[in-house]
Amino acid sequence: VNKEGVVGKYEALVRMRDGEKILSPYFFLEVSQSTKYYHYITERVILKTFETFKDRDEMFSINLVAQDIMDEDTVALIFDKLKRCKNVGNVVFEIVESEDIYDVQEVSDFISKIKEIGSKIAIDDFGTGFSNFSYIMQIRPDFLKIDGSIIKNIDKDQSAKQITKTIVAFAKELNIKTSYSQYGGPNNS
C-alpha cells in the first residue's frame, strides 16, 4: 500500500498453521531449508500464488533465496508458470539478500532470464550485511527493498538516516525503485 492507501502490489508470504496458531517463517523456514521439505514449501507458494493471480491484473511478488534459484525443479516450475501467465510484467521475484546471491553464477543467469521475459526483480532485505553495490549495478533490479532494521529508527538514528539516504540516492541514479521491508510487509516510498 502506498502513501495514498492504494494497493501497489501483493507479496506472497508463507505461513504455517499449528492448530489454531499461525507461525511466521522465522519458526520453520530455516529448519526446512536443511530438509527435503523446503522444496515442497517453495513449490506450494509458487503454485498457489500463480493460481491466485491467474485472472487478476495486480502486480504480485514471490520471495526466493539462492537455494531456490539453484534448484532445477524450482526454476523449471517458475518458467513454466511464466509461460502460462497472461501478464508476466506483473510478476516480481524478490531475491532475499544473502551472501549466496553475490557468489553464484546461476543467480545472475536466472535474474537475466527473468528480466528478458519481462518480469521484475527485487532485492529483499537490502542492507543487512551482504550488500554489494557493484552487484546491484550489474544486475539492475527493478526494486530495492531496504531492510526494516535500518528504517525502524530512522527518526532517531542519524546513521540509519544517512545510510537510507545513500541507498535511495544510489537507487534513484540507477532508476531503481525503493521500498522497505519489515516483518514481510512492503510499503512503497
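Now for a quick tour of the structure. Quantities reported herein were computed from a predicted structural model and do not represent experimental measurements. Residue positions are given per chain, counting from 1 as you read along its sequence in written order. Confidence filtering applies because this is a predicted model: local features only for residues at pLDDT of at least 70, side-chain atom pairs given and counted only at 80 or more, and all residues used for totals across whole chains, interfaces and linings. Where side-chain values are given, they derive from all heavy atoms of the structure, hydrogens and water being excluded.

## Structural notes on the packing of helix H2 (residues 38-52) against helix H4 (residues 72-84)
Then step 1. Whenever a helix is involved, its axis is fitted only over the stretch in contact; in every case the axis is a line through C-alpha atoms, and angles between N-to-C directions fall within 0 to 180 degrees. Secondary structure elements follow DSSP: runs of H or I no shorter than four residues count as helices, runs of E no shorter than two count as strands, and numbering proceeds from the N terminus. Between H2 and H4, whose axes approach to 10 Å, the crossing angle comes to 5°. For the element pair H2 / H4, the angle class is roughly parallel. Contacts from His39, Thr42, Glu43, Ile46, Leu47 and Phe50 of H2 reach H4 at Asp73, Thr74, Leu77, Ile78, Lys81 and Leu82.
Then step 2. Split by residue class, the contact of H2 with H4 holds six nonpolar, three polar and three charged. Just so you know how the angles are binned, under 35 degrees is roughly parallel, over 145 roughly antiparallel, 65 to 115 roughly perpendicular, and the rest oblique. Contacts between residues were defined by any pair of non-hydrogen atoms, one from each residue, lying within 4.5 Å. Amino acids outside the nonpolar list (Ala, Val, Leu, Ile, Met, Phe, Trp, Tyr, Cys, Pro) and the charged list (Asp, Glu, Lys, Arg) are all regarded as polar, and Gly is one of them.

## A closer look at the pattern of salt bridges
Oppositely charged side chains can pair when the atoms bearing their charge come close.
Then step 1. The term salt bridge refers to a pairing of a side-chain nitrogen on Lys or Arg with a carboxyl oxygen on Asp or Glu at a separation within 4 Å. Applying the stated criterion to the full structure yields ten salt bridges.
Then step 2. With a closest N to O distance of 2.8 Å, Glu94 and Lys145 form a salt bridge. Of the two residues, Glu94 sits in strand S5 (residues 91-96) while Lys145 sits in strand S7 (residues 143-147), which places them 51 residues apart along the sequence.
Then step 3. Using a relative accessible area of 0% as the deciding quantity, one classes Glu94 as buried.
Then step 4. Here Asp142 and Lys115 are joined by a salt bridge, their closest N and O atoms 3.4 Å apart. Only protein chains enter the area calculation, which uses a 1.4 Å probe; residues under 20% of their type maximum are buried, those over 50% are exposed, and those in between are partly exposed.

## Observations regarding the packing of aromatic side chains
Then step 1. Here is the rule: rings of Phe, Tyr and Trp (six-membered ring for Trp) pair when centre to centre is within 6.5 Å. Planes less than 30 degrees apart are stacked, more than 60 are edge-to-face, and the remainder are tilted. One pass over the structure, following the stated rule, counts eight aromatic pairs.
Then step 2. Seen from their ring centres, Tyr26 and Phe27 are 5.1 Å apart, and the 90° between their planes marks the pair as edge-to-face.
Then step 3. Take Phe27: its relative accessible area is 56%, and that puts it in the exposed class.
Then step 4. Taking the centre distance of 5.6 Å and the plane angle of 90° together, the rings of Phe126 and Phe133 count as edge-to-face.
Then step 5. Chaining the aromatic ring pairs together yields one cluster made of Tyr10, Phe50, Phe53 and Phe60.
Then step 6. Look at NZ for Lys and CZ for Arg. If either is within 6 Å of the ring centre and within 35 degrees of the ring normal, a charge sits over the ring. Positioned above the aromatic ring of Tyr10, the side-chain terminus of Arg56 is 5.3 Å from the ring centre.

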